Amino acid sequence: MLQNMDSSLHLYDFEPELDTFREEVLKGLLKPRKELLSKYFYDDEGSQLFDQICEQDEYYLTRTEFSIMQEWLQEMVALLGPNCLLIEYGSGSSIKTRKLLESLETPAAYVPIDIAKDHLLRSVTSLAADFPELEVLPVCADYTSDFEMPTPSRPVRRRVGYFPGSTIGNFDTGPARRFLKQIARACKGGGLLIGVDLKKDFNILHRAYNDQQGVTAQFNKHLLVRINQELDADFRLGQFGHYAFYNPGEGRVEMHLVSLKNQVAHIGEVEVSFKLGESIWTESSYKYTLEDFAQLAATAGFRVEYVWTDARELFSVQYLSVV
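In what follows, the accompanying structure is described.

Criteria and thresholds
Residues numbered from 1 in each chain as written. Predicted model: local features only at pLDDT ≥ 70, side-chain atom pairs only at ≥ 80, totals over all residues. Heavy atoms only, no water. Buried < 20%, exposed > 50% of the residue type's maximum accessible area, 1.4 Å probe, protein only. Helix = DSSP H or I, 4+ residues; strand = E, 2+ residues; numbered from the N terminus. Contact = heavy atoms within 4.5 Å. Pairing = 2+ DSSP bridges. Axes fitted to C-alpha atoms, helices over the stretch in contact; angles between N-to-C directions. Parallel < 35°, antiparallel > 145°, perpendicular 65-115°, else oblique. Left-handed = near helix turned anticlockwise from the far one by under 90°. 1 Å grid on protein atoms, 1.4 Å probe; cavity = no way out; pocket = protein on both sides within 12 Å on 5 of 7 lines; lining within 4 Å. Points joined across faces, edges and corners; volume = space filled by probe spheres on them. Nonpolar A, V, L, I, M, F, W, Y, C, P; charged D, E, K, R; others polar.

## Here we look at helix α4 (residues 95–103)
Those residues of α4 lying buried are Lys96, Thr97, Arg98, Leu100 and Leu101. Those residues of α4 that are buried lie in contact with α3 (60–80), β3 (84–89), β4 (109–114), α5 (117–130), β6 (158–163) and β7 (191–197).

The following block contains the structure:
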């Protein structure tokens with residue numbers, strides 16, 4: 001659905017329906033091992049909380065990725081080339097994207113895709129004002145779903161996906177491969193610039209997902225806030241605790257909400273029972289070696305062309321070409 005925003009911006013709106021949210025929440029919470037999809041963190045308030053997480057001292061990912069981009073930006077821009085259509089999956093506040101757009105040579109257009117409509121609208125309105133010559137084609141959608149990609153009015157020399165921030169780590173291996181294949185189809189003949197978090201000391205990971213200010217814990221509990229507000233539920237936030245840890249056998253950080261007592265919550269007329277210590281698995285964040293990620297990319301139709309890391313090799317930005 002195309003919505004007019006102002007004279008220069010049009011929103012391509014494929015926002016998930018409330019019925020889909022309810023269906024997926026109930027499906028996850030009625031499983032023997034309860035889980036919720038992490039994409040539902042990112043309504044407007046959740047997106048703002050995530051922006052706050054990125055500012056925490058313990059959360060090395062954002063500032064490390066930004067420093068890599070600052071150091072190697074010209075190499076990245078040269079790979080993307082002139083007349084590039086930049087497609088960003090999960091655009092959020094588009095902060096890192098601005099650096100790319102400032103340096104790209106005559107970009108054909110920018111397509112930011114995000115599930116949080118209000119956050120997306122604020123971001124693209126500001127960005128379009130700062131880049132008046134750039135065609136901005138915002139899409140509100142679950143970026144893993146099937147939707148029609150907008151067509152820019154200018155000729156496109158190369159389509160390049162942009163997926164920063166290590167969000168690829170939120171996917172299990174199978175879904176990660178399927179999503180990368182989806183990007184390869186959308187960017188046929190082009191490539192993907194992607195952030196990939198690397199395996200490292202467990203203590204660094206623990207601090208990153210358990211910040212002292214408690215912002216990550218608030219972000220985690222926000223899923224319950226949203227379910228209460230939108231699905232007529234009665235989860236009591238004080239009876240659930242934030243729990244995040246690194247699982248070395250699986251190579252991922254896991255984030256859970258742990259029930260602090262035996263209790264029953266309701267979503268409309270549906271009862272959801274919890275035992276003391278039972279958890280809702282809310283997010284995974286896989287960490288990779290460079291070799292592991294190259295193998296995953298290869299199974300999805302990509303070849304790793306360039307890898308940039310920080311001096312401590314905490315994080316990587318990689319350019320993959322579609323083969």
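## A look at the sheet that holds strand β8 (residues 240–247)
One open sheet holds the three strands; their spatial order is β8-β9-β12, and the pairing between them is antiparallel. In this open sheet, the two edge strands, each paired with only one partner strand, are β8 and β12 (279–286). With strand direction ignored, the average angle separating the axes of adjacent strands in the sheet is 20°. Relative to β12, strand β9 (residues 252–259) runs antiparallel, the two sharing seven bridges.

## A few points about the packing of α3 against α4
Two quantities define a packed helix pair, namely the angle between the helix axes and the distance between the axes. Viewed as axis vectors pointing N to C, α3 and α4 meet at an angle of 25°, and their least axial separation amounts to 10 Å. Judged on the interaxial angle alone, α4 and α3 are roughly parallel. The handedness of the crossing between α3 and α4 comes out as right-handed. For the pair α3 and α4, the contacting residues are Thr62, Glu65, Phe66, Met69, Gln70, Leu73, Gln74, Val77 and Leu80 in the first and Lys96, Lys99, Leu100 and Ser103 in the second.

## Comments concerning the layout of surface pockets
Within this model, the second largest pocket holds a volume of roughly 250 Å³. Glu15, Asp43, Ile115, Ala116 and Arg226 are the residues nearest the centre of the second largest pocket, which is lined by 16 residues in total. Going through the elements one at a time, α1 (18–29), α5 and α8 (215–231) are the ones with two or more residues in the lining of the second largest pocket. Looking at the lining of the second largest pocket, its residues break down into seven nonpolar, no polar and nine charged.

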